[in-house]
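# Architecture at a glance
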Protein chains: 4
Amino acid sequence: MEIFEKVESQVRSYCRTWPTVFTTAKGSEITDENGKTYLDFFAGAGTLNYGHNNPEIKGKLLEYLAEDNVIHTLDMHSTAKADFLKTFKEVILEPRGMDYKMMFPGPAGNNAVEAALKLARKVTGRETIVSFTNGFHGMTLGALAVTGNSMKRGGAGVPLNNVATMPFDKYMDGQTPDFLWLKTLLEDPGSGLDKPAAVIVETVQGEGGINVASAEWLRGLQELCREHEMLLIIDDIQMGCGRTGSFFSFEEAGIKPDIITLSKSLSGIGMPLAVTLCRPELDVFEPGEHNGTFRGFAPAFITATAALDAYWRDNTFAKSITAHASWLDEQLHKIIDDFPELKLSTRGRGLARGLVFDNPDLAGETTTELFERGLLMETAGAEDEVVKFLPPLTTTIDEFEKGLGILREALSAVSTKHVKVLAKV
Amino acid sequence: MEIFEKVESQVRSYCRTWPTVFTTAKGSEITDENGKTYLDFFAGAGTLNYGHNNPEIKGKLLEYLAEDNVIHTLDMHSTAKADFLKTFKEVILEPRGMDYKMMFPGPAGNNAVEAALKLARKVTGRETIVSFTNGFHGMTLGALAVTGNSMKRGGAGVPLNNVATMPFDKYMDGQTPDFLWLKTLLEDPGSGLDKPAAVIVETVQGEGGINVASAEWLRGLQELCREHEMLLIIDDIQMGCGRTGSFFSFEEAGIKPDIITLSKSLSGIGMPLAVTLCRPELDVFEPGEHNGTFRGFAPAFITATAALDAYWRDNTFAKSITAHASWLDEQLHKIIDDFPELKLSTRGRGLARGLVFDNPDLAGETTTELFERGLLMETAGAEDEVVKFLPPLTTTIDEFEKGLGILREALSAVSTKHVKVLAKV
Amino acid sequence: MEIFEKVESQVRSYCRTWPTVFTTAKGSEITDENGKTYLDFFAGAGTLNYGHNNPEIKGKLLEYLAEDNVIHTLDMHSTAKADFLKTFKEVILEPRGMDYKMMFPGPAGNNAVEAALKLARKVTGRETIVSFTNGFHGMTLGALAVTGNSMKRGGAGVPLNNVATMPFDKYMDGQTPDFLWLKTLLEDPGSGLDKPAAVIVETVQGEGGINVASAEWLRGLQELCREHEMLLIIDDIQMGCGRTGSFFSFEEAGIKPDIITLSKSLSGIGMPLAVTLCRPELDVFEPGEHNGTFRGFAPAFITATAALDAYWRDNTFAKSITAHASWLDEQLHKIIDDFPELKLSTRGRGLARGLVFDNPDLAGETTTELFERGLLMETAGAEDEVVKFLPPLTTTIDEFEKGLGILREALSAVSTKHVKVLAKV
Amino acid sequence: MEIFEKVESQVRSYCRTWPTVFTTAKGSEITDENGKTYLDFFAGAGTLNYGHNNPEIKGKLLEYLAEDNVIHTLDMHSTAKADFLKTFKEVILEPRGMDYKMMFPGPAGNNAVEAALKLARKVTGRETIVSFTNGFHGMTLGALAVTGNSMKRGGAGVPLNNVATMPFDKYMDGQTPDFLWLKTLLEDPGSGLDKPAAVIVETVQGEGGINVASAEWLRGLQELCREHEMLLIIDDIQMGCGRTGSFFSFEEAGIKPDIITLSKSLSGIGMPLAVTLCRPELDVFEPGEHNGTFRGFAPAFITATAALDAYWRDNTFAKSITAHASWLDEQLHKIIDDFPELKLSTRGRGLARGLVFDNPDLAGETTTELFERGLLMETAGAEDEVVKFLPPLTTTIDEFEKGLGILREALSAVSTKHVKVLAKV
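The name given to chain A in an unreviewed UniProt entry is Diaminobutyrate--2-oxoglutarate transaminase, with Salininema proteolyticum as the source organism. Under the UniProt heading Sequence similarities (unreviewed entry), the note attached to chain A is "Belongs to the class-III pyridoxal-phosphate-dependent aminotransferase family." Quoted verbatim from the Cofactor (unreviewed entry) field of UniProt, the annotation for chain A is "pyridoxal 5'-phosphate".

In structure tokens form, the structure reads like this:
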């Protein structure tokens, strides 16, 4: 591991939580150079919804690479892209009655967000974007401005502007009516809020701590957007591609966003790929007005197509996610009941779940215990008080049971340690 | 091609210049769905320095993918990353006496630029970045602010600030001494230029029209940076990885930048990969202060390592680039002489070359003729007056000769058409 | 009036509400060129707290101008300024236990605000200023950014940034606890609110519609500022100099702002004068770091000193304001009761009072009727729903009774008209 | 003077150069509390073009104040304002064929600049303003952004944006053709300069060091503005009202600016007054879209009218300025010749003149010697290397001779001291 210390920048982060060197991975498991295998309930922060090295997807990739098919094409036409567009239209858009246009803004999720913000500003001729507390949208300057985390914002080195932050669902005291603040500002010409171009929101805030926006809240937001002619951007980078049970995370709410961003699990196997979808009348960029070198990475089109073919042609996969999610929720409630001293609670949608600790320190201790016992899970939330489940959606009940067993052990260890500490006091 | 029209955003651009659907590619050739093969002297805008589907590099990739090696790891440690760091240190950094730290800022070149700008601002506590006329650094909000192209800037939808633009080498009339303007501003406390955090520059501006900064100019810029405590950022995304003859494009000038960005050909085969290098004392980001989902795409580490192993362990490759560049320059001068009516000139360094047309319209006509005859080349420059050579560095003399033959035919066709037009007048 | 139409910009505004040409004025009365005299309950938007052409103050002015005393001195020392500083220290600062430093930032209130914001940013090294809904602080770019009015903000022509707007006291539904939103944002590192340099607030929002911050709210705000190391700026330009009963409008709340701005009635007679006061440890500007040509207008120092001498050496004046305010409040409640059909209410502090109309249109009609009957009053508030009392503080009960008589007539007229309209429906 | 130290902010500046307390002043003389009289060749930084306590102007003021004429009227119509508008139209606009509209943006010069910038941005819908090296336009955030001085810019505490700085006439090496840089940027779509809304410029930079723009340069600038549809704003706050010989400083160049700012000597006697003039088709602000409390300070209208009546109804005054300027220039050349060891030179237009020292330290020493000998002059320029003449335009030849006598004495003293210093070396 010396080479990392010597050459890699100290900005590296996850490797500090899980200090080992990983080599191979398959499905929900990942193995380090010492041969120790871990259950991975983190899945590349939601990038590996179909598991590591998913065989169906990788099969198509190897097939594609075996021949001298084009790998890199910028935004030239390629058969790989044509297939992806056709499949996405057929499998995702048409069945949902969506006639969106797809833009390839670059390989990273932040590229999709930047393109969405630029497009919204261009279409409306306005500058302000409404974002939400604890939102996370990326680290490039435009995306960072709509991100809540103060440490990450501080890295910008310049003021982050043209943004107004509003309270996410259930952010305040639970008493304040939804949108009271935003609505009042929009309706009051003396409020100081310049008419916004758009609203950008995650339906479930992953980095922010598995904060769930209710379907009602999302519908209310859409209504407010329409009333005040603001575009509604759903950032579905982490919560899309099945994470909450349906392909898009907003389907349950029955809303129709103006702009949608997708990335992470879109390529199915961890290949960098991102898209920005918009309603056709918003497709107003000039040719080349936004671009990026890696916006035509053909192998990612292949694996993305393979993922759609394998998992989204019927609703079997969606149903299994929902079933697993419901089962997991039940198990977590049992665990919560079995560890009353830790004052746990849970929240989430689909297979994005949080185990919330009353005492944030114990959440961190728990992930350390989990790592030692062979389970990768991360903390999230403003105070890192949430232990986050983002397992591959293909995780089996057996694997879940194994993981929950490890979780119980870790919680016991933390509880025991905690009791001792309390005893001292 | 209907599917592109129906589903893909109209922002797509290169596919308008080359209206066909590409399927396979190998070395310097690319083939469309009709079986027509084109010489590719564009190479993914400099991303395919080692050619399409380079066999040595792809061999390593297939080998890696054949086993269930990890594909996606965020910034966890992986053997793939360790090998890349070791190889980069051994093959690139150490022989050049460079003790830089490497940061993985995300998969796109713009991610590397954004990280570089953030780092420079954090280190210095200042906001202003000096950029240069016709510079190109990417489409995310921070990178776009230091990019010159007005159409692309217009896409931002918000003012692009915290930047001061300065004249690139030979930008003005050729009479003005280098840095007269920048130097005067820096030395005059009444100039209105707030003390800059850094300077960001390309040694050869690719998108800007193959504008070459002389070694002397680059050394002068470095001196000015040191004198005024500004960091020097070399954006080597397009011109690095051998494009100008050496691995870094600034080696010839003998300068030592504070921060370097690399991407495009770094992965060797078109996989999204980008890095930001900085002098060790500038490595001041907190863990996670900058991040990005695809910053640990292991297959790209594998191919990047393979490319370094195959091409940079000795100077054979570098020498061949220089030799080919010199030969190409000679050939272009012959062509210039043979078409005096087109008033052509050439400029460039290494295998980044421009054929400059006095009449910009004729440059565009030429690339159309080239496409029809089976050669892919793009225009560049403020008025699209330059036909740009960015061929794979592995292009053989035979291929070059074939390409130049096509170029002569195209120029003849343009000249003939042009003569008729003139005759009418 | 033709000359105004021909030469003066159409930006002129009050002259449209009161379309006549004024010539002379004395105390609470102003006379136009037709010899018609109006009661003036607007007092130059709070600039003429001591009445038009206050004889004591004007006496000192004429005395000063009769000799060749210096008129214009930039920030050179003058006896006029020395006298003002001494008197302000003796009459205002010392009795209140305030050891503030005084800065002369230019003649306009906006100059005082701009200096306050610059100072707060310099002291803290932070950029964000917290402002409040419906706040009004001026039209220069820095002051406009903290002003709520959307029409005026639109005039900037550039995004107004580095500001976060928060709800003023009683802004929302009356259910939300004070500072719930601001406090939550400040305490949550994921909130997206960058740590503010300062808070700027009016104790009573004049332009915003006579919105009163309670003493408790102001104390809560001060506490929040101290807890989060934000400077507290009270903009007392309109509400200071006795308007609410005490010299500073915040005295009743018992708070100690870090920075205070004063202007409008400070010079006592309408001469342009503004000051920025700060706690001595905040006096960190370099000599000349902020300046302005008219920051040493000696006649204004003379009249300002005269006003302090005449009205603030004992508490007689303050008591009379409070007594009149209390009497006026009583009278307004009678009027409200007598015109139930207009659904009126009242709010205010001291002699800053609003008569609030349920139907904003009727407020505008009322001021028109008032003008015709010889009483100048203006509307305010987000929807211009408030008829605003800002009479000279020297207005006698007789004058008030006369004015209220006119008000009753106007309300009757409006009511009658209103009844007819209703009858039609 | 203790009271200043105790109560006034340390931001005070001129009082440090001239550490005494001034009491009375008349014409070109000012007297301190010790009865010492100084010649004043600074004239309130160009605010007292008609001298201190000008009797004709003050006569009208006293007359106006003797009756109870309105003093403060916001933007209500007043006879005082009507008279000023009529007189300005008759005496200034009509004879020059100018049909400009006049806006009263507030009492300070910075208010006039802020209104000009807002108007230009509103009219064009663009954000960028082109300003010039060493320009000075005021301390409010909008005006400060177009001001060059780095110390003053630093006081902003936020990045100053939406501005591009260009070289003023003769700024660089004297070899570079006029506008080479600006013109090239404007014509190059890849230059990074976003199309500007306007250009703001002083014809002679007073604070910047008496830098003179030639008539040819100004005409070139106007041409460039027209060609690129940028508005031309002449900031004539310091150089207008006769300072350079004609009422507007740009008359000699024969240009017709789109927007003009005036302040300082406009009121004739040091009363705060500022106006923004614009071509009638640019008068697009909504009523009240820009405003300010002291925009209708009637006594200033009275004195401004009196000044126009007394000095600008015929060309006697203008001729005398030119004659005095020419004589002064001659005298300064004699002085330059008589003190070769000081390496002096001179520049300026009309009665804005600079005596430029090769060694900036000696300029500062000279003003100290002048003060001791009873002559007030200030240094200016990026390195404070210029001793600046901004005397009242009513200064007599006798007074000039007296002043120049003192100047010679001071230069001798400096020279002697300087010789000794040199001797030591």
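When you go through chain A residue by residue, the secondary structure sums to 14 helices and 18 strands. For chain A, the C-alpha radius of gyration of 22 Å lies close to 22 Å, the compact-globule estimate for 425 residues. For chain A, the spread of C-alpha atoms along the three principal axes comes to 65 × 65 × 45 Å. In chain A, buried positions account for 69% of the 425 residues. Partitioning the intrachain contacts of chain A with sequence separation of at least 6 by distance along the chain shows that 73% fall at a separation of at least 24.

Another point: the packing of aromatic side chains. Counting across every chain of the model gives 104 aromatic pairs over all chains. Taking 6.3 Å as the distance between ring centres and 80 degrees as the angle between the ring planes, the aromatic pair formed by phenylalanine 297 of chain A and phenylalanine 297 of chain B counts as edge-to-face. Linking phenylalanine 297 of chain A in the loop between β13 (275-278) and α11 (298-311) with phenylalanine 297 of chain B in the loop between β13 (275-278) and α11 (298-311), this pair reaches from one chain into another. Note on phenylalanine 297 of chain A: relative accessible area 1%, which makes it buried. Centre to centre, the rings of phenylalanine 247 of chain C and tryptophan 312 of chain C are 5.2 Å apart; their planes meet at 85 degrees, and the pair counts as edge-to-face.

Think of interface size as the accessible area that goes away when the parts come together; that is how it is often given. With 104 residues of chain A in contact, the opposing surface of chain B contributes 104 residues. Counting the surface lost from both chain A and chain B, the interface buries some 9200 Å², and carbon and sulfur atoms represent 64% of this. Where chain A touches chain B, the interface holds 6 salt bridges. Between aspartate 68 of chain B and lysine 26 of chain A there is a salt bridge, with the nearest N and O atoms lying 3.4 Å from each other. One can count 50 residue pairs in polar contact (both at pLDDT 80 or more) joining chain A with chain B. Partitioned by chemical class, the residues of the side of chain A that touches chain B number 49 nonpolar, 29 polar and 26 charged. As judged from the 2 bridges shared by strand β1 (residues 21-26) of chain A and strand β4 (residues 77-78) of chain B, these two strands associate in the parallel manner. Across the sheet, the residue bridging to phenylalanine 22 of chain A is serine 78 of chain B, located in β4 of chain B.

Superposition of chain A onto chain B requires a rotation of 180 degrees combined with a translation of 0.0 Å along the rotation axis, giving an RMSD of 0.1 Å. Within this description, the copies of the chain are treated as partners about a two-fold rotation axis. Minimal C-alpha distance to the rotation axis in chain A is attained by leucine 141 of chain A, lying at 2.6 Å. Comparing contact sets, 100% of the residues at the interface of chain A also lie at the interface in chain B, consistent with an isologous, same-surface contact.

Turning our attention to the pairing of strand β18 (residues 386-389) of chain C. Residue and element names in this part refer to chain C. Of the two faces of β18, the one holding Val386 and Lys388 and the one holding Val387 and Phe389 are both buried throughout. Relative to β18, strand β15 (residues 352-357) runs antiparallel, the two being bridged by 4 bridges. By the bridge assignment, valine 356 is partnered in β18 with valine 386. In the sheet, strand β17 (residues 378-380) pairs with β18 via 3 bridges, with the strands oriented antiparallel. Considered in β18, the bridge of alanine 380 is made with valine 386.

All names here are of chain B. Its 14 residues place the ends of α11 20 Å apart at the C-alpha level, agreeing with the 20 Å of an ideal helix rising 1.5 Å per residue. Across the 14 residues that make up α11, a large majority, 12, are buried. Every buried residue of α11 is accounted for by Ala298, Pro299, Ala300, Phe301, Ile302, Thr303, Ala304, Thr305, Ala306, Ala307, Leu308 and Tyr311. Among the structural elements, α4 (55-66), β4, α5 (79-93) and α12 (316-338) are those in contact with the buried residues of α11.

Further remarks concern the state of the cysteines. In protein structure, a disulfide is the covalent linkage between the sulfur atoms of two cysteines. Enumeration over the complete set of coordinates arrives at 0 disulfides over all chains. Here cysteine 278 of chain A stays free of any disulfide, with the sulfur of cysteine 15 of chain B as its closest cysteine sulfur at 16 Å. Between cysteine 225 of chain D, a free cysteine, and cysteine 278 of chain D, which holds the nearest cysteine sulfur, the sulfur-to-sulfur gap is 16 Å.

Attention shifts here to the environment of aspartate 169 of chain C. Residue and element names in this part refer to chain C. Position of aspartate 169 relative to the elements: it lies in the loop between β7 (163-166) and α9 (180-187). The sequence separation of aspartate 169 and tryptophan 217 amounts to 48 residues, and the corresponding C-alpha distance is 6.7 Å. Apart from residues no more than four positions distant in its own chain, aspartate 169 is found in contact with Asp178, Val212, Ala213, Ser214 and Trp217. Within polar-contact distance, the side chain of aspartate 169 engages the backbone nitrogen of serine 214 at 2.9 Å.

Let's shift gears to empty space enclosed by the protein. Here the structure, examined in full by the defined rule, presents 15 cavities of 30 Å³ or more. Approximately 660 Å³ is the volume found for the largest cavity. Taken together, 39 residues line the largest cavity, and the ones lying closest to its centre are Asn161 of chain A, Asn161 of chain B, Asn161 of chain C together with Asn161 and Asn162 of chain D. Along the lines of polarity and charge, the residues of the lining of the largest cavity split into 23 nonpolar, 12 polar and 4 charged.

Okay, the domain arrangement of chain A next. Residue and element names in this part refer to chain A. Domain boundaries in chain A define domain 1 (2-53 + 315-348 + 371-424) and domain 2 (57-311). Of note, the centres of domain 1 and domain 2, computed from C-alpha atoms alone, are 26 Å apart. Every contact between the two is made by 24 residues of domain 1 and, on the other side, 24 residues of domain 2. Across the domain 1/domain 2 interface, buried area totals approximately 2000 Å², and carbon plus sulfur atoms make up 53% of it. Interface area lost by domain 1 to domain 2 is led by Thr47, Tyr50 and Asn53, which between them contribute 30%. Run the count over domain 1 and domain 2 and you get 1 salt bridge. Ionic pairing is found between glutamate 207 and lysine 388, a salt bridge with its closest N-O pair at 3.6 Å. At the junction of domain 1 with domain 2, the criterion picks out 13 residue pairs in polar contact (both at pLDDT 80 or more). Looking at the side of domain 1 that touches domain 2, the elements with two or more residues in it are α3 (43-46), α12 (316-338), β14 (344-349) and β18 (386-389). Per-element accounting of the side of domain 1 that touches domain 2 gives the leading share, 4 residues, to α12. Class assignment of the residues belonging to the side of domain 1 that touches domain 2 gives a composition of 13 nonpolar, 9 polar and 2 charged.

Turning our attention to the pattern of salt bridges. Enumeration according to the criterion identifies 96 salt bridges over all chains in this entry. The partner of glutamate 8 of chain C in a salt bridge is lysine 81 of chain D, with the nearest N and O atoms 2.8 Å apart. Taken together, the residues span two chains, with glutamate 8 of chain C in the loop between α1 (2-7) and α2 (14-17) and lysine 81 of chain D in helix α5 (residues 79-93). A salt bridge links lysine 101 of chain D to aspartate 283 of chain D; its shortest N-O distance comes to 3.2 Å. Remark: aspartate 283 of chain D occurs in the loop between β13 (275-278) and α11 (298-311) and lysine 101 of chain D occurs in strand β5 (residues 101-103); sequence separation between them is 182 residues. A cluster of three or more residues bridged by salt bridges with shared partners is formed by Lys26 and Lys58 of chain A together with Asp68 of chain B.

Here the focus is the sheet that holds strand β6 (residues 129-132) of chain B. Residue and element names in this part refer to chain B. Ordered by their spatial adjacency, 7 strands build an open sheet running β5-β13-β12-β11-β8-β6-β7, and the pairing between neighbours is mixed. A single partner strand is all that each edge strand has here, and the edge strands are β5 (101-103) and β7 (163-166). Neighbouring strand axes in the sheet, compared pairwise and without regard to direction, differ in orientation by 20 degrees on average. Looking at chain direction, strand β12 (residues 259-262) and β13 are connected through 4 bridges and run antiparallel. Its bridge partner lying in β13, leucine 262 is registered against valine 275.

It is worth spelling out unusual backbone geometry at this point. Positioned with a positive phi, phenylalanine 179 of chain A is a non-glycine residue whose angle comes to about 65 degrees. With respect to the helices and strands, phenylalanine 179 of chain A occurs in the loop between β7 (163-166) and α9 (180-187).

Our next topic: the sheet that holds strand β15 (residues 352-357) of chain D. Residues and elements named next belong to chain D. Here we have 4 strands laid out as an open sheet, ordered β14-β15-β18-β17, and antiparallel in their pairing. Edge strands, defined here as strands with exactly one partner in the open sheet, are β14 (344-349) and β17 (378-380). When strand polarity is set aside, the average angle formed by the axes of neighbouring strands in this sheet is 35 degrees.

About the criteria used
Residue numbers here run from 1 along each chain, matching the order of that chain's written sequence. As a convention, the first chain written is A and the first ligand written is 1, with the rest following in written order. In keeping with the model being predicted, local features are shown solely for residues with a pLDDT of at least 70 and side-chain atom pairs are shown and tallied solely at 80 or more, while totals for entire chains, interfaces and linings include all residues. Values shown for side chains rest on all heavy atoms present in the structure; no hydrogens or waters enter the calculation. UniProt positions are given in the numbering used here, feature names are shortened, and annotations may be inferred rather than shown by experiment. Helix numbers and strand numbers start at the N terminus; a helix is a DSSP run of H or I with at least 4 residues, a strand a run of E with at least 2. Note on method: radius of gyration uses C-alpha positions; expected globular size equals 2.2 Å times residues raised to 0.38. Three labels apply to residues, based on accessible area from a 1.4 Å probe with only protein chains included: buried if under 20% of the type maximum, exposed if over 50%, partly exposed otherwise in between. Any two residues having at least one pair of non-hydrogen atoms within 4.5 Å are treated as being in contact. Each Phe, Tyr or Trp ring, with Trp reduced to its six-membered ring, pairs with another whose centre is within 6.5 Å; inter-plane angles below 30 degrees give stacked pairs, above 60 give edge-to-face pairs, and intermediate values give tilted ones. Throughout, buried area stands for the accessible area (probe radius 1.4 Å) lost by two parts on being put together, summed over both. One side-chain nitrogen of Lys or Arg within 4 Å of one carboxyl oxygen of Asp or Glu is enough to make a salt bridge. Any N or O atom pair separated by 3.5 Å or less is treated as a polar contact, with the protein-specific requirement of one donor-capable and one acceptor-capable atom, and with residues adjacent in sequence counted only for side-chain atom pairs. Each residue receives one of three labels: charged for Asp, Glu, Lys and Arg, nonpolar for Ala, Val, Leu, Ile, Met, Phe, Trp, Tyr, Cys and Pro, and polar for the others, Gly being one of them. At least two bridges found by DSSP between two strands are what make those strands a pair. Only residues with pLDDT of at least 70 in both copies count here: their C-alpha atoms drive the least-squares fit that superposes the copies. A helix is expected to span 1.5 Å for every residue after the first. By convention in this document, the label disulfide applies to cysteine sulfur atom pairs within 2.5 Å. Residues are called lining when one of their atoms sits within 4 Å of a cavity or pocket point, these points coming from a 1 Å grid over the protein atoms alone, where a cavity is a set in which a 1.4 Å probe fits but cannot get out and a pocket is an open set with protein on both sides within 12 Å along at least five of seven lines. Grid points are joined across faces, edges and corners, and a volume is the space filled by probe spheres set on the points. Residue ranges for the domains originate in an automatic or database domain assignment. Only the contacting stretch of a helix is used when fitting its axis, a line to C-alpha atoms as for every element, and angles between N-to-C directions run 0 to 180 degrees.

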